[in-house]
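One-letter residues, chain by chain:
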Amino acid sequence: MLRITDILDKAQSYLPAEELEMIEKAYIYSATVHQGQVRLSGEPYLTHPMEVAGILVDMKLDAATIISGLLHDTVEDTLTTLEQIEKEFGKDVAFLVGGLTKLSLISFGSQEERLAENFRKMILAMSADIRILLVRLADRIHNMKTLQYQTPDKRAYIAKETMDIYAPLANRLGINWMKILLEDLSFKYLHPEEYNELSRRVVKTKESRDLYTEEVKSIIRRELEKFSIKGEVEGRAKHLYGIYKKMQEQHLDFDEVYDLIAFRLILDSDNVKLCYEALSSVHALWKPVPGRFKDYIAMPKANNYQSLHTTVIGPYGERLEIQIRTKAMHEWAEKGIAAHWKYKEGRTFKDDEDTQIKKLREMLEMQQEIKDPREFMSNLKLALFPEEVYVFTPKGDVKSFPKGATPIDFAYSIHTDVGNKCIGAKVNRNIVPLKYELQNGDRVEITTQAGHHPSKDWLKYVVTTRAISKIRNWINLEEKKSSLALGRDLLDKEFKRHNLKLSTSVKSEEIRKLFVEHGVNSLDDLISQVGCGRISAKQIVNHFLVEELAKIPGPALEKVKKKPEATPSLGISLTGIDNVMVKFAKCCNPIPGDDIAGYISRGRGITVHTRNCPHIKNLDPERIVDVNWDVREKQTYPVRIKVVCADRKGILTEVSSTISSFDVNISYAQVETIDLIATCNFVIDVNNLKQLNQIVLAIKQLKAVKSIERMRKS
């Protein structure tokens, strides 16, 4: 177990004595409040905050952050309050601990909602202080190191969350060692068999690999000495998850992975020109592999990572990946934000003090606009993209985007209005479609037009969270306006039908009961739900009808009760959904007996299609619901049929008579004749599929009839 003396010994190299005393005080406080608590491993609970603080002191973070590491679970897992933390350790520590405290006292409908809200809270706190994320990452590292004590399901869940969110966050902060460690620990539990096999094979080849590494390092050192370039040459095996990912993406066997070792040239001088001179010396030694050179010095990654990357054909024909950077670049590459930590009283940073923190905040704050937990988590993962392309603005500024970004993403990166009004784009002075994927080095110009609006189709072409968020916000706002107008119209008509006034009813106290019943916060929300089809207008009116009936005297009330209004039924029941507007799709005109499905259409309730309708196959599968026939009253349904027959006198009458013999109404009939062939188109009103099949069979038996088919709109 890590001891407090270990932490203080490391901290005294960069912190004053009075701050060391506060760290020791926090240790004693944490030990006291956690006394008697144990972890799943059986160890005292105190081992966890001690390990977290140990990671933070290794990163040379400030005293408030280390103290927060020692106290981060006290509010959640003990009787300690934030007020007590503030009294003992000050506002700064209390703020950090508050940002780290999970939402354990709030009830959520699902694990997904809880997860989303935990991250939302953390992100909100991070907007004011990035140290909260650094403590959370240290906390996650130690939890991952002791994950074997959790149940198998919990292990898999925590490992996936770490791989999806925490490792990319560490990468975004530029803390490479954290990213690698979190990825490898997650890999161990997500794919245990592959992890163990890969570990075994890497160990098996270690001896020969070490000899090869030393040989290559010696060759590079001698070459650098020729050009009087001073620096350190490193060669180390790539981490297991990096090797596994490459094998999966490129469909390689372990023996086919050529670059298990990554070599680094870390130059003593901060003169960037020497990096390019070192690159030339390496390329003079070994032939570079075309297309494998990347200049992250001229164009840094989104997390401010800088380095030159090249792949060459080295000794014995082996491919080598070589990275070249200065000491300052290397420090950032390994430690990221923690390498250039600036602590200031008051917790906040000025915008010009650290652009990386500003960029991260902007990216995270964008997520605050998203309310749906599933969409929030999806967008957060997307925001932590691993690959970028670099393009130029017309003024020559460089902008980075995730791979697959389009001119629409570029437009929204400039300003929301530019994105909303975007009508076209030029790339390298050539007009391109808005779905064009941006490439490294592209020069992009956007054309806008006043009054133009985003299209729902744009969501197919954008990849940045900013663009997705802004487009969805606009669409949701427009759909809400549409639902509001439709809902108000439906309610107004339904209220008038029962001689009630909508304007009077919505001002009564009864409307508040409806808000609670349907889980809405305002009248507009309730009306929108009606417009969306989630609540029927009849439901709302019935609530007020009960109130009106209560006012009618006894005898009169009995008369009303004896004459209940007939409730029309479309003969449809919906799995798990009640009281919504239902209509039949005109493209396929389903009838009882057909295999059917429902589609939730915004503002128009549920539209019922046949399962084999070509239109439903192109609709959003997430909005398709199960529906069943539930015909309790005799009804008729329109069906189109086409009868092809020999053109002869009286054929239309003959077919019509056959249809009428089944006591079926013909609402439409038309005949076209070409080359002695008559095509008769009918719309008939049938009760169900069985009756339609009987009619079809009877028409087929007519001598002049060549074919008959049920028609659907294309």
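Here goes a summary of the coordinates provided. It should be emphasised that the depicted structure is a prediction, and the values quoted were computed from it without experimental measurement. (Residues numbered from 1 in each chain as written. Predicted model: local features only at pLDDT ≥ 70, side-chain atom pairs only at ≥ 80, totals over all residues. Heavy atoms only, no water.)

**Let's talk about the pattern of salt bridges**
Piece 1. Inspection of every chain in the model, using the stated rule, returns 22 salt bridges.
Piece 2. Glu214 serves as the salt-bridge partner of Lys217, at 3.4 Å between the closest nitrogen and oxygen. With Lys217 and Glu214 both in helix H13 (residues 206–226) and 3 residues apart, this pair spans about one turn of that helix.
Piece 3. Under the relative-accessibility criterion, Lys217 is labelled buried at 11%. (Salt bridge = Lys/Arg side-chain N within 4 Å of Asp/Glu carboxyl O. Helix = DSSP H or I, 4+ residues; strand = E, 2+ residues; numbered from the N terminus. Buried < 20%, exposed > 50% of the residue type's maximum accessible area, 1.4 Å probe, protein only.)

**Topic: the nonpolar core**
Piece 1. Ranked by internal contacts, the top residues of the largest apolar core, which has 56 residues, are Ile7, Ile23, Leu71 and Ile85.
Piece 2. Of the residues forming this core, the biggest block, 8 residues, is contributed by helix H9 (residues 131–145). (Core = buried A, V, L, I, M, F, W, Y, C linked by side-chain atoms within 4.5 Å.)

**Quick look at the packing of helix H11 (residues 176–190) against helix H12 (residues 192–204)**
Piece 1. Their axes nearest at 5 Å, the elements H11 and H12 cross at an angle of 120 degrees. Between H11 and H12, the contacting residues are Asp184, Phe187, Lys188, Tyr189 and Leu190 on the first element and Pro192, Glu194, Tyr195 and Leu198 on the second.
Piece 2. Residues belonging to the contact of H11 with H12 are distributed by class as follows: 6 nonpolar, no polar and 3 charged. (Axes fitted to C-alpha atoms, helices over the stretch in contact; angles between N-to-C directions. Contact = heavy atoms within 4.5 Å. Nonpolar A, V, L, I, M, F, W, Y, C, P; charged D, E, K, R; others polar.)

**As for the packing of aromatic side chains**
Piece 1. Across all of its chains, the model carries 11 aromatic pairs by this definition.
Piece 2. When the ring of Trp629 is compared with that of Tyr637, the centres are 5.8 Å apart and the planes differ by 80 degrees; the resulting orientation is edge-to-face.
Piece 3. Put simply, the rings of Phe187, Tyr195, Tyr241 and Tyr244 pair up and form one aromatic cluster.
Piece 4. Here the basic side chain of Lys25 rests over the ring of Phe89, its NZ or CZ set 5.3 Å away from the ring centre. (Phe/Tyr/Trp six-rings, centres within 6.5 Å; stacked < 30°, edge-to-face > 60°. Lys NZ or Arg CZ within 6 Å of the ring centre and 35° of its normal.)

**Notes on the sheet that holds strand S15 (residues 606–610)**
Strand-to-strand pairing in sheets goes through backbone hydrogen bonds, with the strands running parallel or antiparallel.
Piece 1. With mixed pairing, the 4 strands of this open sheet are ordered in space as S13-S15-S14-S16. Each edge of the open sheet carries a strand with a single partner, namely strand S13 (582–584) and strand S16 (624–625). (Pairing = 2+ DSSP bridges.)

**Regarding the pairing of strand S20 (residues 677–686)**
Piece 1. Buried residues dominate S20, accounting for 7 of its 10 residues.
Piece 2. Across 10 bridges, strand S18 (residues 637–646) lies against S20 in antiparallel orientation. Among the inter-strand pairings, Val644 is bridged to a residue of S20, identified as Thr679.
Piece 3. Across 9 bridges, the pairing between strand S19 (residues 665–674) and S20 is antiparallel. Across the sheet, the residue bridging to Gln670 is Asn681, located in S20.

**Topic: the sheet that holds strand S9 (residues 422–427)**
Piece 1. The strand order across the open sheet formed by 3 strands is S10-S9-S11, and the pairing between neighbours is antiparallel. Looking along the sheet, the strands with just one partner apiece sit at the ends: strand S10 (430–432) and strand S11 (444–448). For this sheet, the mean angle separating the axes of adjacent strands, direction not counted, is 35 degrees.
Piece 2. Direction of pairing for S9 relative to S11: antiparallel, over a ladder of 5 bridges. Among the inter-strand pairings, Cys422 is bridged to a residue of S11, identified as Thr448.
Piece 3. Here helix H19 (residues 407–414) sits on the sheet in contact with S9, S10 and S11, set at roughly 80 degrees to S11.

**Here's the deal with the side chain of Glu234**
Piece 1. Here Glu234 shows up in strand S1 (residues 231–237).
Piece 2. Exposure remark for Glu234: the relative accessible area of 14% places this residue in the buried category.
Piece 3. Here the side chain of Glu234 touches Arg236 through a polar contact of 3.0 Å, side chain to side chain.
Piece 4. Setting aside anything within four residues of it in sequence, one finds Glu234 in contact with Lys217, Ala262, Phe263, Arg264, Ile266 and His330. (Polar contact = N/O pair within 3.5 Å; in protein donor to acceptor, adjacent residues only side chain to side chain.)

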